[in-house]
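Notes for the structure review
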Amino acid sequence: MDKQISLTIDGRQVTVPAGLNIVDAAKQAGVDIPVFCHHPKLEPVGMCRMCLVEIGRPVRDRATGQFVVEDGAPKIQFMPKLETACTNKVEEGMVINTQTAKVADAQRGTVEFLLTSHPLDCPICDKGGECALQDLNMKYGPRSSRFRLEEKQRFVKPVPLGELIWLDRERCIFCARCVRFQDEIAGDAVLEFDDRARPMRIISVSEPGFDSVFSGNTTDICPVGALTTEDFRFGARPWEMEAASSICTQCPVGCNTTLNTRREARSNGEIVVKRVMPRQNEEVNEIWICDKGRFAYHYAQGEQRLTRPMIRKEKKLARASWDAATQLAAEKFLKAKKDFVVLASGRLANEDLFNLKMLADHAGGKAYLYSHMAGGELTSLVGVSAGTNIGTMGAGSAIVVVASDLYQEAPIWYLRVKQAQERGATLIVLNPRETKLDRYATRAIRYEYGEEVKAVRDLTKANEAGEALLKSRDVVVFYGSEGLGVAGSQNLAAACAKLLNDNNFTGRPNNGLIGVWERANDQGAWEIGFTVEDDLAKALKGKAVYIVGADPVHDGPKLAKALAEAEFVVVQDVMTTETVGIADVVLPAQAFTEREGTLTSGERRVQRFYPAVPVTGESRPDFAIVSQVARNMGVILEGTSAAVVFDLLAATVKSFDGLDYAKLAEVREQLPTVGGNDRYYGGTTYDNKDGLGAHLSTAATRGEKVSIPKAQKEALPTLKEKELLAVPVNKLYHRGTTMMVAELLHQRIGETSVSAHPSAAMRLGLSAGQTVNVSFDGVSGEAVLKLDDTLDEKILLTPRSMGMAIREPVAAKVKA
Amino acid sequence: MSLAEKYPQEVQQILSKYPPHGKRSALMPLLFIAQRDEGYISKAAMQDIAALLDITETEVAGVVGFYTLYHEEKEGKYRIQVCTDLPCALRGAEGFMGDLCDHLKIKAGETTEDGLVTVEAVMCLAACDRAPMFQLQGPDAIEYHEHMTVEKTMELIGELKQSEE
Amino acid sequence: MTHVLLRHREIPDIGKLSVYQNNGGLAAFKNAVTKMKPGEVIDVVKNSGLRGRGGAGFPTGMKWSFADAKSWPHYMVANADESEPGTFKDREVMENNPFQFLEGVMIGSYAVGANIAYIYLRGEFWQIAESLDRKISELEAEGYLGDKIFGTDYSLRIYTHLGAGAYICGEETALLESLEGRRGQPRVRPPFPPSEGLYGKPTIINNVETFTNVPMIMANGAEWYKSMGTADAPGVKIFSLSGRVRKPGNYELPFGTTFRDLIYKYGGGVQDSRSVRAIMPAGASSSLILVDDDSILDTPMDYLEVRKLKSELGSASVIIVDDTVSMDWLINKTVHFFRHESCGKCTPCREGTFWMSHLTERIHTGQAVRADVDLLLNVAKQMQGKCLCALGEFSTMAVVSSLERFREDFDKAVQA
Ligand SMILES: Cc1cc2nc3c(=O)[nH]c(=O)nc-3n(C[C@H](O)[C@H](O)[C@H](O)COP(=O)(O)O)c2cc1C
Ligand code: SF4
Ligand code: FES
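Now for a quick tour of the structure. (Residues numbered from 1 in each chain as written. Chains lettered and ligands numbered in written order. Predicted model: local features only at pLDDT ≥ 70, side-chain atom pairs only at ≥ 80, totals over all residues. Heavy atoms only, no water.)

From N to C terminus, chain C includes 17 helices and nine strands. For a compact globule of 416 residues, the expected C-alpha radius of gyration is about 22 Å, and chain C comes in at 22 Å, within 12% of that figure. With the C-alpha coordinates aligned to their principal axes, the bounding extent of chain C is approximately 75 × 45 × 35 Å. Taken over 416 residues, chain C has a buried fraction of 67%. Looking at chain C alone, contacts between residues at least 24 apart form 69% of all its contacts between residues at least 6 apart. Surface exposure of chain C reaches about 13,500 Å², of which carbon and sulfur atoms provide 50%. A gap of 2 Å separates the mean positions of the 46 positive and 51 negative side-chain charges of chain C. (Helix = DSSP H or I, 4+ residues; strand = E, 2+ residues; numbered from the N terminus. Rg over C-alpha atoms; globule rule 2.2 N^0.38 Å. Buried < 20%, exposed > 50% of the residue type's maximum accessible area, 1.4 Å probe, protein only. Contact = heavy atoms within 4.5 Å. Areas by Shrake-Rupley, 256 points an atom, 1.4 Å probe, with all protein chains shown as cover. Lys, Arg positive; Asp, Glu negative; His and termini not counted. Charge placed at Lys NZ, Arg CZ, Asp CG, Glu CD.)

Here is the structure:
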């Protein structure tokens, strides 16, 4: 789109990129043409008729093709009718008038029409204050109504479209933005219009209602208050709220968000987060977030929060001072010497992880990342780096997704990968079972659980998929942990890294390996030098353990047992977990909403988050607590300023070299323009004022030599009679500690279930819907059995974090 | 049983009319089969067709809702749809409709007590020169009845009743 | 006269393939496929001056030449939605002279390079679709349709597709949406169907009657065709005559026939010997022609002349309104039709038809005041020129014209 077009808008000569429609072009030239149905991310439909303008086109001579000149100026021909600015593209020499009496009359008429059956219930409408209809009526509409109140089209108000989103059909202005978003962008066409003409209305008849993990976005782009979330409905007025920039902590995508907060009586006079909104970052999440990010933030505030340090005395946790608690912890850690173990999760910020790693190193202990997935040292070597933007990938590039269900694990990546494919990128999806992304895959390749390494190696063989891949300019590989534990994912990562490295798909923008991690900052932990331990239970037994931001006791009896046999357990967390229940010392940490810090996304972009609400109780930021514990152990670590910790990190860890907080806070102009004062145009997404973040470098971009370890084929357990291979898979909505606090999502989380092929069930004498007992490794649990004929007959599909303590594929007995 | 199992040949024949990327075109003809089967279009039928065409149930429902010949509820087994649009009205259709309803002791839009016929006013049916007229939408077919009188209509209803018994 | 289109009126069994063949049927198609280049077929149709019979009167040959040759495949679509109140001509053709229509589709498909043609029929034409399906099978059995027709490289299949009750599906882009299995809501244009139509591919859409002319033009030549009708509109047209006349029905007449001849010579005159008060030449979508002067009836019917009466010929569905009819009743009827049939996609039509219907209902039932009549005119004008497709515009035609030309009826209605 390098070609530029010159045209005249309201008498002013402007130059804009070719290919734009008039609304977007005018916007770039600083002229606002009012719209309702047009959205810069959606295909134009021209249905609301708000954007009507006068369009004149230069007349060309039929014979010569040259512009006809009259009185020294090109002759311009205007159509007798007004035309929609949203569906007409700019052309050289066009003359557009947006301010004439004829245009004003059409705008007034359209707003009047839209208001004829509108309920005018702004005082009780959640969108009041950020409503396009309100704003545009003020600017363009008539001030009084000529339509009779009793003749308005009435509907029962509001109706649920599922338990997350409400629909007020009286407020709907039929722009179809929500329907189009679900169809074009989300790929979940679960909204439609029913009926036609004036009785027309939005419906969703999916099971569950509005069955899409992107549903909340429709409430942002709805230009009126027709769609609202159950979470925020009647929660607050937009003008009462403050806004703080943040990063979503629910998955490795790292969506930029804005936390809206308010001090309110119903929260005992506290300042609380009222809603999570997307914040524009075209290179990360554009203007979208998934429903988990939007609705699962509640754990940061509430009764489960830890508010003060505690020490176990006579079997009970008792309140203690910070000094006493950190001193005791330090004492035990010192005593343990090399038996000191840090177990931290990717929920923590880079600053926290850096201090923890420094502490472990200085004290001669170990620092483990709490994760079932390995391979992060390879994403540090050949991961994606500066300039990478999936949003620019298309024809000529290829994306491989292996052993991951992106829709469930990282919804915004799903969305961006899908769009890259629609722009022409080759998409190769390898997974043992069907996933949603298959629908868009250029090639969907099935392999058997355990055969992932071979499946990746086979990609370079002379077959259709391999050829498409190898002749691509750019290749990005996403690898996940579908059916894999630490060893398996390590091997898969090695196979993927080798593929990229051998074929020179590293070290350039839009090339490299991405891990579909479980947590938001797993990548940061890898960069800082954390490793994962295959046999974690063994590694914890008899040790002095410093558990930060993890709940291993909840996650499995094996780990619980190991910790029960640990020498000493210090737990540092935001909320009361099951692991807190066995801790000797408890240290309350601040939630990410209360402090600042940085997270490293799976795409290796470091991004800042900012404090939004006051600190809860006596809690402190993780990095500061670590520094206090360290000081008591005689190790000096920065503990007052997150920015300074980051500077030290940047000076220590090569891939962070050159970065600092100021750099991460830089912003550039992003198109389309959203947020700010023109919410009617892009929706209620916030514009980005606080930083787009920055990519880490890789060994490849630094020009270092890269050597990739050889991938081993994972040995799967052999199955006895009556046993199935239980394979773990990830679900977006699960029963993890932070998720369970979001009551709104309980219905979506559903019951604990496992799935098997109907004939496997028959062989074991089991039937669908039955509660079964699943036992493996001396552990057992109950789950409802579901049948799925797309599965292999040997397989028992077992979602992670759903009450079944499974980290890697195991042989499992299933019985009634 | 799904439509594809119940009417394999018809479903196949419908699908064969459209190119593979235009599979969704089969939606409207399949809805007619579903309606013929049950007298209306049930939720189960919509699910069935959605799965067959690889679209969502909501997309199917949106199409059912748009068109007036699809019915989501079971009403009279037969629908007498009288054209009362302008050209027919200029030739006495409204009087005919009124008289017919009086005879059946129902109002426009209602169903006779035995559930046999629903009388509805509809828009132009392309038979303006033969008013009064109506179309009889039954389970299997749509038939035009033109140059009608109340007597002839009552006779027709009598025949329908007989064929039911 | 002998008919060009309604030939079944002279040849009773022309609906049988053998009879159609014995009367020269399908020779034009065979000649075109075996002896002519597609472009030559288009030239003949262009030269004949044939204009589309679906309403807009667009030159057919020119439309065919627009099929984008850079994008394939091409599709041909016959518009048999026939839903304009007062129109019932395509039905008679398809019921009685189906092969001539089908042959027209076949010649057209060959001319535009389409290997698949769909006939989109309104859902109520269920029986016609069944009968057309049988005729299509007969043509296949005799080798007129299928692969490598007459041993050439040309292949063609024709399929019927039923709508399900929606006037808007006669609008060509709504028709395409419907044919793709979606809600029948119009698309923005451009792109126009000859560049992006069915499944995004070049598609030519013509009315049933338009197609039915084609075999006769190919058989008898463009000059023969042009010898009938007027310079503005060559050839013959089926006028669907309805309303308050003694003999309503279809009359195939050359363009340029006067309203008087249509009403009195063919239609048997006005019922009860009353006088003509108004004429709606294009069904419910018409601007009403005020017949306050008897000489108006001498207007020859073609696109140009009718436009001079501040109306449009459209699809020539001529509804006769006599002096017993009050206009407030009439527009209440038309507005209710459009309110019911608005697809709901664009604001002015969806809201405007709803609003107008409340006003016309109140005016007609004597519950309105003079200001409501002014408001009605205002609302109608507020819609004009702003809608996404022509339906919204159509809905205002009778309203604005009757308010401007028959104001006295409304004054009377609001005085009561
Ligand atoms: C609301 C509306 C309804 C229409 N209904 C029909 C119809 O029933 N039959 C038809 O042939 N054309 C109808 N048309 C016109 C078609 O859009 C299109 O112009 C026509 O099929 C082209 O064929 P032709 O060039 O042979 O006339 C309608 C147009 C509009 C705007
Ligand atoms: S004018 Fe009416 S029928 Fe046409 S798009 Fe608009 S709402 Fe639909
Ligand atoms: S029609 Fe252009 S913005 Fe809605």
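Residue and element names in this part refer to chain C. Near ligand 1 lie 19 residues; those nearest to it are Gly 54, Asn 79, Asn 206, Asn 207 and Thr 210. For ligand 1, an oxygen atom lies 2.9 Å from a polar atom in the side chain of Asn 79. In the environment of ligand 1, an oxygen atom lies 3.1 Å from a nitrogen or oxygen atom belonging to the backbone of Glu 172. With the chains in place, 91% of the 610 Å² that ligand 1 exposes on its own is no longer accessible. Listing elements by their share of the shell around ligand 1, those giving two or more residues are β4 (203–207) and α16 (390–405). (Near = heavy atom within 4 Å. Polar contact = N/O pair within 3.5 Å; in protein donor to acceptor, adjacent residues only side chain to side chain.)

All names here are of chain C. Strand β6 (residues 249–254) sits mainly inside the fold: five of its six residues count as buried. Across six bridges, strand β5 (residues 236–243) lies against β6 in antiparallel orientation. Across the sheet, residue Ile 238 finds its bridge partner in β6, namely Glu 252. If you look at the hairpin formed by β5 and β6, you'll find five residues sitting between the two strands. (Pairing = 2+ DSSP bridges.)

A few words on the site of ligand 2. Ligand 2 sits among 13 residues. The nearest are C:Cys343, C:Cys346, C:Cys349, C:Cys389 and C:Gly392. Classifying every residue of the shell around ligand 2 by side-chain character gives nine nonpolar, three polar and one charged. (Nonpolar A, V, L, I, M, F, W, Y, C, P; charged D, E, K, R; others polar.)

Here we take up the interface of chain B and chain C. In this complex, chain B contributes 42 residues to the contact, which on the side of chain C involves 58 residues. Across the interface of chain B and chain C, roughly 3,900 Å² is buried in total on both sides, 59% from carbon and sulfur atoms. Inspection of the chain B/chain C interface yields two salt bridges. A salt bridge links B:Glu94 to C:Lys333; the nearest nitrogen and oxygen atoms lie 2.8 Å apart. Summed over the shared surface of chain B and chain C, the number is 21 residue pairs in polar contact (both at pLDDT 80 or more). Among the elements of the structure, α3 (27–38), α5 (57–66), α6 (86–89) and β4 (142–145) of chain B are those that each provide at least two residues to the side of chain B that touches chain C. Ranked by residues supplied to the side of chain B that touches chain C, first place goes to α3(B) with four residues. Tallied by class, the residues present in the side of chain B that touches chain C amount to 24 nonpolar, eight polar and ten charged. (Buried area = accessible area lost by both parts, 1.4 Å probe. Salt bridge = Lys/Arg side-chain N within 4 Å of Asp/Glu carboxyl O.)

Turning to the sheet that holds strand β14 (residues 242–247) of chain A, a few remarks are in order. Residue and element names in this part refer to chain A. Strands sit in the order β14-β15-β16 across an open sheet of three strands; the sheet is antiparallel. On the outer flanks of this sheet lie β14 and β16 (270–278), each paired with one strand and no other. Adjacent strand axes in the sheet meet at a mean angle of 35° when their direction is disregarded. Where β14 lies against strand β15 (residues 256–264), six bridges are found, and the strand directions are antiparallel. Counted as the bridge partner of Ser 246 is Thr 257 from β15. (Axes fitted to C-alpha atoms, helices over the stretch in contact; angles between N-to-C directions.)

Time to look at the packing of aromatic side chains. Overall, the coordinates contain 37 aromatic pairs over all chains when judged by the stated rule. Where C:Trp224 meets C:Tyr225, the ring centres are 5.9 Å apart and the plane angle is 55°; that geometry is what we call tilted. What makes C:Tyr225 buried here is its relative accessible area of 0%. The ring of A:Trp166 has A:Arg233 lying over it, and the distance from NZ or CZ to the ring centre is 4.3 Å. The residue whose ring lies beneath B:Arg36 is B:Tyr7, and the NZ or CZ to ring-centre distance is 5.2 Å. (Phe/Tyr/Trp six-rings, centres within 6.5 Å; stacked < 30°, edge-to-face > 60°. Lys NZ or Arg CZ within 6 Å of the ring centre and 35° of its normal.)

Our focus in this paragraph is the pattern of salt bridges. Once their charged atoms are close, side chains differing in charge can pair, the charge on each being opposite to the other. Residues and elements named next belong to chain A. With the rule as written, the count across this model stands at 102 salt bridges over all chains. Measuring nitrogen to oxygen at the nearest pair gives 2.9 Å for the salt bridge that ties Asp 352 to Arg 595. Placement of Asp 352 in helix α8 (residues 350–363) and of Arg 595 in the loop between β28 (585–588) and β29 (597–600) is noted, with a sequence separation of 243 residues between them. Here the two residues Asp 352 and Arg 595 agree in accessibility, since each one is buried. Across the pair Lys 794 and Glu 448 runs a salt bridge whose closest N-O atoms are separated by 3.5 Å. One end of the pair, Lys 794, is in the loop between β35 (779–787) and β36 (795–799); the other, Glu 448, is in the loop between β23 (443–445) and α12 (452–458), and 346 residues separate them in sequence. With relative accessibility at 39%, the residue Lys 794 sits in the partly exposed group. The exposure class of Glu 448 is partly exposed, given its relative accessible area of 45%.

All names here are of chain A. Note that Ser 753 resides in strand β33 (residues 753–756). Take Ser 753: its relative accessible area is 9%, and that puts it in the buried class. What Ser 753 contacts, discounting residues up to four positions off in sequence, is Ala 783, Val 784, Lys 786, Leu 797 and Pro 799.

Quick look at helix α5 (residues 89–96) of chain C now. Most of α5(C) is tucked away: six of the eight residues are buried. Of all the residues in α5(C), the buried ones are C:Lys89, C:Asp90, C:Arg91, C:Glu92, C:Val93 and C:Met94.

Glancing now at the environment of A:Tyr479. All names here are of chain A. Along the polypeptide, Tyr 479 turns up in strand β24 (residues 474–479). It is 37 Å that separates the C-alpha atoms of Tyr 479 and Ile 203, two residues lying 276 residues apart in sequence. Within the structure, Tyr 479 has its side chain in polar contact with the backbone oxygen of Ala 374 (distance 2.7 Å).

Attention shifts here to α8(A). All names here are of chain A. Taking 1.5 Å of rise per residue, the 14 residues of α8 would be expected to cover 20 Å, and the 20 Å separating its terminal C-alpha atoms lies within 8% of that figure. Looking only at α8, the buried set comprises Asn 350, Glu 351, Asp 352, Leu 353, Phe 354, Asn 355, Leu 356, Lys 357, Met 358, Leu 359 and Ala 360. Phi for Gly 364, located one or two positions after α8, is positive at around 75°. (Expected span 1.5 Å × (residues − 1).)

Attention shifts here to the sheet that holds strand β21 (residues 397–402) of chain A. Residues and elements named next belong to chain A. With parallel pairing, five strands are arranged side by side in an open sheet as β23-β22-β21-β24-β25. The open sheet has two edge strands with one neighbour each: β23 and β25 (512–515). Within this sheet the neighbouring strands show an average axis-to-axis angle of 15°, counted without direction. Bridge count between β21 and β24: six bridges; the pairing is parallel. Across the sheet, residue Ile 399 finds its bridge partner in β24, namely Val 476. Seen against the sheet, helix α14 (residues 486–502) touches β21, β24 and β25 and runs at an angle of roughly 180° to β24.

Between chain A and chain B, the contact holds twelve residues from the first and twelve residues from the second. Looking at the side of chain A facing chain B, the largest losses of area belong to A:Ala189, A:Arg196 and A:Val205, adding up to 48% of the total buried there. Joining chain A to chain B, the criterion identifies zero salt bridges. If you look at where chain A meets chain B, you find six residue pairs in polar contact (both at pLDDT 80 or more). Counting residues per element, the side of chain A that touches chain B draws most heavily on strand β11 (residues 192–194) of chain A, which supplies three residues.

None of this, on its own, says anything about what the molecule does.
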